[in-house]
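Structural characterization, general
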Amino acid sequence: ESERRKIRGAVRLRNQITHCDVEFTPEFAMAKFSEVFAFLAYFQARHLGVEIEDVLGEPTLQEVGKLEKCFAELQRIAFQRIEDEGISSDFLMACPACGEETFVTENLAGVCYLCRTAEDVVECPHCHEIHFANDMENFSGLIDADCEEGQPVVYNDYGYRDYTACPSCLLRIREDIEDQRARAYYHECEMDAWYRRRDGDPR
């Protein structure tokens, strides 16, 4: 699956470049090139039995080597800056663009020190971990609510006040709400049975 994701990502990037539908910095271009090239070399050798030097001539490999050295230097500079600024690993994430662990979230800044990609990041109100804003999901559809006279009315929020969550928390919240619903249903059934017995109802 990880290989499929890399292939889909490379195809998507190729299509964006072909249709002039992408803007990126030289750092981003080098990062993506290095990522795709490394994967290509690995994939061909492992699955097709073809080494990269069998496909590319020596002059081309030398040019690729220069790019790789340049990217390695950019990586070194990015990691050095992270160290110089004393940024904890708690505030580092894999960059959604270049894939390197150089995306800084300290103070919710949300920028990659390698390829300079900027993304909005937020703290999940349930686990308090930092996530990309576009990964957060709304689960207001799981609570019991309705609209009366144009106003939203919440009948049961199941103990949740903020209806956005990261994917991990959303899974736990969904299970929790389903469990609460099931317990409430069984409790209601038990109460109905108790009242029927008290009132002499044979059912």
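Okay, so let's go over this structure.

Conventions used here
Residues numbered from 1 in each chain as written. Predicted model: local features only at pLDDT ≥ 70, side-chain atom pairs only at ≥ 80, totals over all residues. Heavy atoms only, no water. Axes fitted to C-alpha atoms, helices over the stretch in contact; angles between N-to-C directions. Helix = DSSP H or I, 4+ residues; strand = E, 2+ residues; numbered from the N terminus. Parallel < 35°, antiparallel > 145°, perpendicular 65-115°, else oblique. Left-handed = near helix turned anticlockwise from the far one by under 90°. Contact = heavy atoms within 4.5 Å. Nonpolar A, V, L, I, M, F, W, Y, C, P; charged D, E, K, R; others polar. Phe/Tyr/Trp six-rings, centres within 6.5 Å; stacked < 30°, edge-to-face > 60°. Buried < 20%, exposed > 50% of the residue type's maximum accessible area, 1.4 Å probe, protein only. Lys NZ or Arg CZ within 6 Å of the ring centre and 35° of its normal. Polar contact = N/O pair within 3.5 Å; in protein donor to acceptor, adjacent residues only side chain to side chain. Pairing = 2+ DSSP bridges. Core = buried A, V, L, I, M, F, W, Y, C linked by side-chain atoms within 4.5 Å. Patch = residues over 30% accessible without salt bridge, like charges linked within 9 Å, V, L, I, M, F, W, Y side chains within 5 Å. Areas by Shrake-Rupley, 256 points an atom, 1.4 Å probe, with all protein chains shown as cover. Salt bridge = Lys/Arg side-chain N within 4 Å of Asp/Glu carboxyl O.

1. Considering the packing of helix 1 (residues 2–18) against helix 2 (residues 26–48)
Axis angle and axis distance: for two packed helices, these are the angle between their axes and the distance between the axes, and together they describe the pair. Interaxial distance between helix 1 and helix 2 falls to 11 Å at its minimum, and their mutual angle equals 130°. With respect to their mutual orientation, helix 1 and helix 2 come out oblique. As for how helix 1 packs across helix 2, the hand of that crossing is left-handed. Counted together, Glu-3, Lys-6, Ile-7, Ala-10 and Leu-13 of helix 1 and Phe-28, Lys-32, Glu-35, Val-36, Phe-39, Tyr-42, Phe-43, Arg-46 and His-47 of helix 2 form the full contact between these two elements. Broken down by class, the residue content of the contact of helix 1 with helix 2 amounts to eight nonpolar, one polar and five charged.

2. Some points on the packing of aromatic side chains
Scanning all chains against the criterion turns up six aromatic pairs. Ring centres 5.7 Å apart and planes at 15° place the aromatic pair Phe-33 and Phe-37 in the stacked group. In this pair, Phe-33 and Phe-37 both sit in helix 2, four residues apart, roughly one turn of the helix. Their ring planes at 40° and their centres at 5.6 Å tell us that Phe-39 and Phe-43 sit as a pair that is tilted. In this pair, Phe-39 and Phe-43 both sit in helix 2, four residues apart, roughly one turn of the helix. Overall, Phe-39 belongs to the buried group, its relative accessible area being 14%. Clustering of aromatic rings is evident, with ring pairs tying together Phe-139, Tyr-160 and Tyr-163. Over the ring of Tyr-113 we find Arg-81, and its NZ or CZ is 3.7 Å from the ring centre.

3. Things to note about the environment of Asn-15
Relative to the helices and strands, Asn-15 is located in helix 1. Overall, Asn-15 belongs to the partly exposed group, its relative accessible area being 31%. A sequence separation of 170 residues divides Asn-15 from Tyr-185, and the C-alpha atoms of the two residues are 52 Å apart. Within the local environment of Asn-15, its side chain forms a polar contact with the side chain of Arg-14, the two groups lying 2.9 Å apart.

4. Comments concerning the pairing of strand 7 (residues 144–148)
For a regular strand, the rule is simple: side chains alternate between the two faces of the sheet. Relative to strand 8 (residues 151–156), strand 7 is paired through five bridges, and the arrangement is antiparallel. Across the sheet, the residue bridging to Asp-144 is Asn-156, located in strand 8. Connecting strand 7 to the next strand, strand 8, in antiparallel fashion are two residues, including Glu-149 with a positive phi near 55°.

5. Quick word on the nonpolar core
Cys-95, Cys-98, Phe-103, Cys-112, Tyr-113, Leu-114 and Cys-115 are the most contacted members of the largest nonpolar core, which totals 23 residues. Of all the secondary-structure elements, those providing two or more residues to this core are helix 2, helix 4 (58–84), strand 1 (92–93), strand 2 (103–104) and strand 3 (111–112). For this core, the element with the highest residue contribution is helix 4, accounting for four residues. What Tyr-113 contacts, discounting residues up to four positions off in sequence, is Ala-78, Arg-81, Ile-82, Glu-85, Ile-87, Thr-102 and Val-104. With twelve residues, the next largest nonpolar core counts Cys-124, Leu-142, Cys-169 and Ile-173 among its residues.

6. Focus: the side chain of His-126
Within the element layout of this structure, His-126 appears in the loop between strand 4 (121–123) and strand 5 (130–132). A distance of 2.9 Å separates a polar side-chain atom of His-126 from the backbone oxygen of Thr-164. If we skip the residues at most four places from it in the chain, His-126 touches Phe-139, Tyr-160, Asp-162, Thr-164, Ala-165, Cys-169, Arg-172 and Ile-173.

7. Observations regarding a nonpolar patch on the surface
A cluster of nonpolar side chains, namely Met-191, Trp-194 and Tyr-195, defines an oily patch on the protein surface of about 290 Å² accessible area. Structurally, Met-191 is set in helix 5 (residues 167–198).

8. Section: the environment of Val-153
Here Val-153 shows up in strand 8. With sequence-adjacent residues up to four places away left out, Val-153 is seen in contact with Asp-144, Ala-145, Asp-146 and Glu-148.

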